[in-house]
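# Observations on the model geometry
Here's the letter readout for the chains.
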Amino acid sequence: MTGDSPIRVLVVEDDPVAADAHLLYVGRVPGFTAVGKARSGAEARRLLDRTPVDLLLLDLHLPDVHGLQLARSLRAAGHQADVIAVTSARDLTVVREGVSLGVVQYVLKPFTFATLRDRLVRYAEFRRTAGEASGQDEVDRALATLRAPGPVALPKGLSAPTLERVTGALREAAEGLTAASLGQSVGISRITARRYLEHLVSAGRAERKPLYGQVGRPELVYRWVRSG
């Protein structure tokens, strides 16, 4: 790959809504191109055998294999693509294990375009480092490009702890929640609840549908787009 060629990304994600959102996100970052998507480990292997790929955007919970097991088998088969792991798990043991398998970044679900863009830009900067380091400081600077300086800011007025509570409530509601019912569940106003729900929709982690059969305008029901 030349310095002017885009970084080729394969999205490995079994949830179709999330996969399409990730493809869209990748395509919006200059210097990157999405070369395809795979919904399982087996499909990812087939695509990698015939398509040049520089980076995997890899969901760790696939229907046929754990993402780290897939990464390990790809390394053994000679595939050298780096990995940005996408997961809702927060097990630091998994994070440590991934380091030896080419996992250069972790992105926790649900995430926004801004979060992924930050990780991709940092990865591109890391790839551009070349030549021989003059000393320890230069090595440290090269590795530091992969580290985010801090949490990517949520939209104004939203907080990470409340988003986590909202996400948990929505995941547990098989039939979905309205903004009013969510607000009552987590102790926030209906208007605030709707802001968090719309944020999850824009991040590709929730969907909304109108609830008909009531007098007046139909109410919106929000559902988590992936079970488990």
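What counts, and at which threshold
Residues numbered from 1 in each chain as written. Predicted model: local features only at pLDDT ≥ 70, side-chain atom pairs only at ≥ 80, totals over all residues. Heavy atoms only, no water. Core = buried A, V, L, I, M, F, W, Y, C linked by side-chain atoms within 4.5 Å. Buried < 20%, exposed > 50% of the residue type's maximum accessible area, 1.4 Å probe, protein only. Helix = DSSP H or I, 4+ residues; strand = E, 2+ residues; numbered from the N terminus. Contact = heavy atoms within 4.5 Å. Pairing = 2+ DSSP bridges. Axes fitted to C-alpha atoms, helices over the stretch in contact; angles between N-to-C directions. Right-handed = clockwise from strand over helix to strand, strands pointing away. Left-handed = near helix turned anticlockwise from the far one by under 90°. Nonpolar A, V, L, I, M, F, W, Y, C, P; charged D, E, K, R; others polar.

### Comments concerning the nonpolar core
- Counting 22 residues, the largest nonpolar core has Leu-10, Val-12, Leu-56, Leu-58 and Leu-70 as the members making the most contacts within it.
- Mapped onto this core, the elements with two or more residues apiece are β1 (7-12), α2 (41-50), β3 (55-59), α3 (67-76), β4 (82-87) and β5 (103-108).
- In terms of residue count, α3 provides more of this core than any other element does, four residues in total.
- Among all residues touching Leu-10, those that are not within four sequence positions of it are Val-35, Gly-36, Lys-37, Ala-38, Ala-44, Leu-47, Leu-48, Val-53, Leu-55, Leu-56 and Leu-57.
- With 20 residues, the next largest nonpolar core counts Val-9, Ala-19, Val-107 and Phe-111 among its residues.

### Concerning the sheet that holds β3
- Taking strand neighbours across the sheet as the criterion, the five strands line up as β2-β1-β3-β4-β5 in an open arrangement whose pairing is parallel. A strand with exactly one partner marks an edge of an open sheet, and here the two such strands are β2 (32-38) and β5. In this sheet, adjacent strand axes meet at a mean angle of 20 degrees when their direction is disregarded.
- Looking at chain direction, β4 and β5 are connected through five bridges and run parallel. When the bridges of β5 are listed, Ile-84 appears paired with Gln-105.
- Taken strand by strand, helix α1 (residues 16-27) contacts β1, β2, β3 and β4, and its axis lies near 165 degrees from that of β2.

### What about the pairing of β3?
- Burial within β3 is extensive, with five of its five residues counted as buried.
- A two-sided burial pattern is seen for β3, the buried positions comprising Leu-55, Leu-57 and Asp-59 on one face and Leu-56 and Leu-58 on the other.
- Relative to β3, β1 is paired through four bridges, and the arrangement is parallel. Counterpart to Val-12 in the pairing with β3 is Leu-58.
- Relative to β4, β3 runs parallel, the two sharing five bridges. Bridge pairing in β4 places Leu-55 opposite Asp-82.
- Regarding topology, α3 serves as the crossover connection from β3 to the parallel β4, and that connection is right-handed.

### Describing the packing of helix α7 (residues 160-172) against helix α8 (residues 179-186)
- Interhelical geometry of α7 versus α8 gives an angle of 115 degrees and a closest axis separation of 10 Å. Here the hand of the crossing between α7 and α8 comes out right-handed. Residues Arg-165, Val-166 and Ala-169 of α7 touch α8, and the partners they reach there are Leu-182, Ser-185 and Val-186.
- Its residues assigned to classes, the contact of α7 with α8 shows four nonpolar, one polar and one charged.

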